[in-house]
Amino acid sequence: MCGILGWYSTSLTPDRSRFERALATLEHRGPDDRGVFFEEGLALGHQRLSIIDAGPGGHQPMHSRCGQYTLVFNGELYNYLELRDELERVGHRFIGRSDTEVLLNAIVEWGPAAYSRLNGMWAFALWNRRER
């Protein structure tokens, strides 16, 4: 299982060094890759255990093409192939083969209604840049 970490404040800027040290404590959860995203008042981190799409197409934090969403995800979507097929039929294009990318595109397409369509076990943090 991967490890995810998030920090949010409306009045403080995240301390990068401290956040990186905290994320390092999760390395045992995902030794294959690490990624971080910082924005004013926000930090998202991901320690990756590569199971589906072990290549760079599954790297996290993952950003939507439109730039509105950033996602860190842990778990597995059992129905991601079916969802991917449906999303491709309405015009979504995928870079990699990960269920994370499917989740991100599902959120772009269906908004919060996407959550009821997910079959699996998961935890994720989603940053919506427009709505903060």
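Owing to the predicted nature of the structure, the values given are computational and were not obtained by experimental measurement.

S.K.: Got a sec to walk through the overall build of the protein chain? Specific residues and values, please.
M.R.: A tally of regular secondary structure across the protein chain gives three helices and six strands. Walking the protein chain from its N terminus toward its C terminus, one meets helices and strands in the order β-α-β-β-β-β-α-α-β. Its C-alpha atoms give the protein chain a radius of gyration of 15 Å, within 12% of the compact-globule value 14 Å for 132 residues. Summed over its atoms, the accessible surface of the protein chain is roughly 7300 Å², and 50% of this surface lies on carbon and sulfur atoms. The average position of the 15 basic charges and that of the 17 acidic charges among the side chains of the protein chain differ by 4 Å.

S.K.: Explain the pattern of salt bridges to me, and be specific about the residues and the numbers.
M.R.: In total, this model carries four salt bridges according to the counting rule given. Between Arg117 and Glu86 there is a salt bridge, with the nearest N and O atoms lying 2.5 Å from each other. On the criterion of sequence distance, the pair formed by Arg117 in the loop between helix H3 (99-110) and strand E6 (120-128) and Glu86 in helix H2 (residues 80-89) is long-range, its members being 31 residues apart.

S.K.: Could you give an account of the sheet that holds strand E2 (residues 33-39), naming the residues involved and the relevant values?
M.R.: One open sheet holds the three strands; their spatial order is E1-E3-E2, and the pairing between them is antiparallel. The open sheet terminates on both sides in strands that have one partner only, identified here as strand E1 (3-8) and E2. Strand-to-strand twist across the sheet, computed as the mean angle between neighbouring axes with direction ignored, equals 5°. Taken together, the seven bridges between E2 and strand E3 (residues 42-48) define a ladder with antiparallel strand orientation. By the bridge assignment, Phe37 is partnered in E3 with Leu44.

S.K.: Please set out the side chain of Asn79 residue by residue, giving values where relevant.
M.R.: Here Asn79 lies in the loop between strand E5 (69-77) and H2. Residue contacts for Asn79: discarding those within four places in its chain leaves Arg117, Leu118 and Asn119.

S.K.: Explain unusual backbone geometry to me, using residue names and the numbers behind them.
M.R.: For the peptide bond that leads from Gln60 to Pro61, omega is 0°, which places it in the cis range. Even without being glycine, Arg132 reaches a positive phi, approximately 55°. Mapping Arg132 onto the fold places it in the segment after E6. Relative accessible area serves as the criterion here: at 45%, Arg132 is assigned to the partly exposed category.

S.K.: Got a sec to walk through the nonpolar core? Specific residues and values, please.
M.R.: With 17 residues, the main nonpolar core has Leu77, Leu87, Val102, Leu103 and Trp110 as its most contacted residues. When contributions to this core are tallied by element, the ones reaching two or more residues are E5, H2 and H3. Considering each element in turn, this core owes the most residues, six residues, to H3. Ignoring sequence-local partners within four residues, the contact set of Leu87 consists of His92, Phe94, Val102, Asn105, Ala106, Glu109 and Trp110. By size, the runner-up hydrophobic cluster in this structure holds five residues, among which are Leu42, Leu44, Val72 and Trp127.

What counts as what
Counting restarts for each chain, with residues numbered from 1 along the sequence as it is written. Two thresholds apply to this predicted model, a pLDDT of at least 70 for residue-level local features and 80 or more for giving and counting side-chain atom pairs, whereas whole-chain, interface and lining totals are computed over all residues. Side-chain metrics rest on all non-hydrogen atoms present in the structure, leaving aside hydrogens and water. Runs of E in the DSSP output that reach at least two residues are strands. Runs of H or I that reach at least four are helices, and both are numbered from the N terminus. For the radius of gyration, the atom set is restricted to C-alpha positions; the globular benchmark scales as 2.2 Å times the number of residues to the power 0.38. Note on areas: Shrake-Rupley with a 1.4 Å probe; residue coverage comes only from the protein chains shown. Positive charges come from Lys and Arg, negative ones from Asp and Glu, while His and the chain ends are left out of the count. Charged side chains are reduced to one point each, which is NZ for Lys, CZ for Arg, CG for Asp and CD for Glu. Salt bridge, as used here, is a side-chain nitrogen of Lys or Arg placed within 4 Å of a carboxyl oxygen of Asp or Glu. At least two bridges found by DSSP between two strands are what make those strands a pair. Note on definitions: angles span 0 to 180 degrees between N-to-C directions of axes, and those axes are lines fitted to C-alpha atoms, for helices only across the stretch in contact. Any two residues having at least one pair of non-hydrogen atoms within 4.5 Å are treated as being in contact. The rule is simple: take the accessible area with a 1.4 Å probe, protein chains only, and divide by the maximum for that residue type; under 20% is buried, over 50% is exposed, in between is partly exposed. Residue types Ala, Val, Leu, Ile, Met, Phe, Trp, Tyr and Cys, when buried and joined through side-chain atoms within 4.5 Å, form a set referred to as a nonpolar core.

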